[in-house]
Amino acid sequence: MLAALIGSYALFVGSVLKGSLNNGMTRMQERMGADLMIVPESSEVKARNILLTGEPEFFYMDISVAQALHDIEGVECATSQFYFTSLSSDCCSTRVQLIAYDPDTDFVIDPWIDERITDEVEKGSVIIGSEVTPLPDGKVKFYGSEYPVAGKLGETATGLDHSVFMTRDTMHEILSDAKEKGYQFINPEDDGAFVSTVLIRVSENADITGIEKEIYGKAEGIKFIETDKLINDLSVKLGSVDRLINVTLTVLLVFSFVTMILFFSVIFHERKKEFAILRILGMSSSKICFSSLTEGLIIGAAGGAAGLLAGILTVFPFNRLIENSLDVPYLMSPLPVVILYGLLGVAVTVLFSSLASFLSTLSLSHAETYYTMRAGE
Amino acid sequence: MKYLCSEKLVKEYERRGKTFRAVDDVDIQINKGEFIIITGESGSGKTTLLNLLLGLTKPESGTVLFDGEDISTIDDKRLSEIRNEKIKYIPQGDSLLTSLTVRENILFPYVIGGKEEPPKERLIELAEKLGIKDLLDVYPSELSGGEMRRVTIARAVINKPAVIIADEPTGNLDRDNTSKVMEIFKDISGEGTAVVVVTHQRETLDYASKVLNMSHGRLAPENR
Ligand SMILES: Nc1ncnc2c1ncn2[C@@H]1O[C@H](COP(=O)(O)OP(=O)(O)O)[C@@H](O)[C@H]1O
Ligand SMILES: [Mg+2]
């Protein structure tokens, strides 16, 4: 029973984890609109944080970098963004990443907009990431001022789920408010002179290294983040997490199956005498096997259901915790898939325990001594 | 008329790497209404012979016939049916199902067979005769050795089977209980059931219509 519980628990939690990791990875890949990201040389880690963990960061460089891209061959389009942060007391329960983008050149945010509330991102309104919760009146608040929400992005399984996107004008307002309250990011007067990153999409078959070299020649103090590499690094990481899950899953399943076989051999051995009595009273061996099979089935189903329940209690409440501690994109699989995993887990344990009970009965009924009542000996 | 008989029955076991015959070339005939007692030293092969007669063990050679059917060749289902209805075995030691009450134990063969309705009246009549009427709703763990024996006998005789085979049914009983049990066997053999009893107790031999002796796997008429 406990073994069945462990078995179905392991199967369920394991498959949900695996499924969600894959789901997260695919989603991230889909959502990475840019091929290259130019960031200040010293801020590469911060930029990765924004993407992967959703840790709000603030950094910037001179806008001349963006201008340096003109007439470089292979650059299909480019857009710049500016990253700064909110206060945790503002809204949305935690500090969020504030991102100013340029709607005219943008090619990364617009395709993700899931739910459009107003047609245009008007001056003063913002777009929120899927994990950002607005105030009860549907607005968000930064440094004392409230801003209407113009749209919401779909889940990306990246740090961008915790971000709020706005135009440069709105950014200017927020920066001014922040300055008034004593938080100085950059001087609002000069905010047009800085960007945090330039996102580039290269044309097909473009030589990325060549493009990087050319840009390096025109701008200083910069660093490139290649999204392909980023995803590759993640895949490697994901692979090791995946292997860990596989190993744990296998160990738990083998453990559960072996325990079940042991359990059934022990109880059937104890009931050897009972079986012998049943034989003497005229119960056929097929009937005995059938009834122990039924018993195994019931035990497996009960244990499996309990394991599933335990699994549900782990996976759902701790969803966030798992997501944060894994450090790789994690996105819960859709509910029907999760249900399927659950059924699969229970089915496998039922199969296991029936098989275990059947095997142990079979091994007993082959032993001739099992029929011969040699009581007292 | 022969109910149960064996021909040239041989059963071998191994001891210290050497095979020996626990049952050696045994011919036995059990007729309707007969009361046969088999005696013999411990280890002479009595229990093994009974197991062979019930088809619980397979012989190396020889046959066991019940009512013309060869027990060693029929399938498990038919054999189980025979054990459920025709040849009742009372094994050595206790053989009650501990999770059932006395009443349920006695009627359990009907549950397994699933054919006939349990005979309520015969149960009461039998329980009265065996002195276990007040124990019907008690669990086996609360019974004394003699009471358990009598319940086991009730379970065996309730449907008036063709043959009853009992392995040392009075083994751990006092003189009083022993004669009670033997009386019951005597009675049912009078009703047409063939009874085979294995025993050490020489004082019970007078109940038998035929006494056989087993020695080193061989069965022979007892010379008294
Ligand atoms: N299942 C078995 N495996 C090996 N030897 C056995 C087995 N059953 C009985 N024997 C041996 O066969 C002989 C006869 O045993 P048994 O029929 O139980 O004797 P009895 O009932 O007359 O005391 C004994 O020597 C016993 O050790
Ligand atoms: Mg014996």
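All values reported here derive from a predicted model rather than from experimental measurement.

Participant: Please explain the overall build of chain B as it appears in this structure.
Facilitator: Helices and strands together make up the secondary structure of chain B, namely six helices and 10 strands. Counting over 224 residues, chain B shows a buried share of 56%. Across chain B, the fraction of contacts at a sequence separation of at least 24, relative to all contacts at a separation of at least 6, is 70%. Carbon and sulfur atoms provide 45% of the accessible area of chain B, an area that totals close to 10,400 Å².

Participant: Looking at this model, I keep getting lost on the interface of chain B and chain A. Mind explaining?
Facilitator: Much of the literature gives interface size as the accessible area that the parts lose upon coming together. Facing 22 residues of chain B, the contacting portion of chain A comprises 18 residues. Interface area, chain B with chain A, both sides summed: about 1,800 Å², of which 58% is carbon and sulfur. The residue A:R279 makes a salt bridge to B:D76 at a minimum N-O spacing of 2.7 Å. Where chain B meets chain A, there are five residue pairs in polar contact (both at pLDDT 80 or more). Breaking the side of chain B that touches chain A down by element, the ones donating at least two residues are helix 1 (46-53), helix 2 (76-85) and helix 3 (102-113) of chain B. Tallying contributions element by element places helix 2 of chain B first for the side of chain B that touches chain A, with four residues. Per-class residue counts for the side of chain B that touches chain A are eight nonpolar, eight polar and six charged.

Participant: So what exactly am I meant to see when it comes to the confidence of the model for chain B here?
Facilitator: Regions with low pLDDT should not have their predicted coordinates read in detail. All names here are of chain B. For chain B, mean pLDDT is 90; residues scoring 70 or higher make up 99% of the total. Element-level pLDDT for chain B is lowest in strand 1 (residues 2-15), with a mean of 88, against a maximum mean of 95 in strand 8 (residues 194-198). Across the predicted assembly, pTM comes out at 0.64 and ipTM at 0.90.

Participant: How should unusual backbone geometry be read in this particular structure?
Facilitator: What you tend to see is this: most non-glycine residues have negative phi, and most peptide bonds are trans. All names here are of chain B. One non-glycine residue, K8, lies in the positive phi region at around 45°. For K8, the location among the structural elements is in strand 1. On the basis of relative accessible area, K8 is assigned to the exposed category, the value being 51%. Phi is positive for E168, close to 45°, though the residue is something other than glycine. Residue position: E168 is located in the loop between strand 7 (163-167) and helix 6 (175-190). With a relative accessible area of 14%, E168 lands in the buried category.

Participant: Can you help me understand the packing of helix 6 (residues 227-270) of chain A against helix 8 (residues 285-315) of chain A in this one?
Facilitator: The description of two helices packed together rests on the angle between their axes and the distance between the axes. All names here are of chain A. Following both chains from N to C, one finds helix 6 and helix 8 inclined at 135°, their axes separated by 13 Å at the closest point. Judged by the inter-axis angle, helix 6 sits oblique to helix 8. The chirality of how helix 6 crosses helix 8 is right-handed. Across from F263, F264 and F268 in helix 6, the residues of helix 8 making contact are S292, E295, G296 and I299.

Participant: What am I meant to see in helix 2 of chain B here?
Facilitator: Every α-helical turn comprises 3.6 residues, leaving residues that sit three or four positions apart pointing alike. Among all positions of helix 2 of chain B, only B:L79, B:S80, B:I82, B:R83 and B:N84 are buried. Against the buried residues of helix 2 of chain B lie helix 7 (272-280) of chain A together with strand 4 (61-66), strand 5 (69-70), strand 6 (87-90) and helix 3 of chain B.

Participant: Where do I start with the nonpolar core in this structure?
Facilitator: Across soluble globular proteins, nonpolar side chains show a tendency to be buried alongside one another. Residues and elements named next belong to chain A. Formed by 44 residues in total, the largest nonpolar core has its most connected members in F12, V16, M37, L153 and F165. Among the secondary structure elements, those contributing two or more residues to this core are helix 1 (2-31), strand 1 (36-40), helix 2 (44-52), strand 4 (97-101), helix 6, helix 8 and helix 10 (335-366). The dominant element in this core, judged by the number of residues it contributes, is helix 1, at seven residues. The two domains that each donate at least three residues to this core are domain 1 (2-24 + 233-374) and domain 2 (30-225).

Participant: Would you mind going over the side chain of A:S353 with me for this structure?
Facilitator: Residue and element names in this part refer to chain A. Within the secondary structure layout, S353 lies in helix 10. S353 sits in the buried class, given a relative accessible area of 0%. Only 2.6 Å separates the side chain of S353 from the backbone oxygen of G296, close enough to count as a polar contact. Residues within four places of S353 in sequence aside, it is in contact with M260, F264, G296, L297, I299 and G300.

Procedures and definitions
- Residues numbered from 1 in each chain as written.
- Chains lettered and ligands numbered in written order.
- Predicted model: local features only at pLDDT ≥ 70, side-chain atom pairs only at ≥ 80, totals over all residues.
- Heavy atoms only, no water.
- Helix = DSSP H or I, 4+ residues; strand = E, 2+ residues; numbered from the N terminus.
- Buried < 20%, exposed > 50% of the residue type's maximum accessible area, 1.4 Å probe, protein only.
- Contact = heavy atoms within 4.5 Å.
- Areas by Shrake-Rupley, 256 points an atom, 1.4 Å probe, with all protein chains shown as cover.
- Buried area = accessible area lost by both parts, 1.4 Å probe.
- Salt bridge = Lys/Arg side-chain N within 4 Å of Asp/Glu carboxyl O.
- Polar contact = N/O pair within 3.5 Å; in protein donor to acceptor, adjacent residues only side chain to side chain.
- Nonpolar A, V, L, I, M, F, W, Y, C, P; charged D, E, K, R; others polar.
- pLDDT = per-residue confidence, 0-100.
- Axes fitted to C-alpha atoms, helices over the stretch in contact; angles between N-to-C directions.
- Parallel < 35°, antiparallel > 145°, perpendicular 65-115°, else oblique.
- Left-handed = near helix turned anticlockwise from the far one by under 90°.
- Core = buried A, V, L, I, M, F, W, Y, C linked by side-chain atoms within 4.5 Å.
- Domains from an automatic or database assignment.

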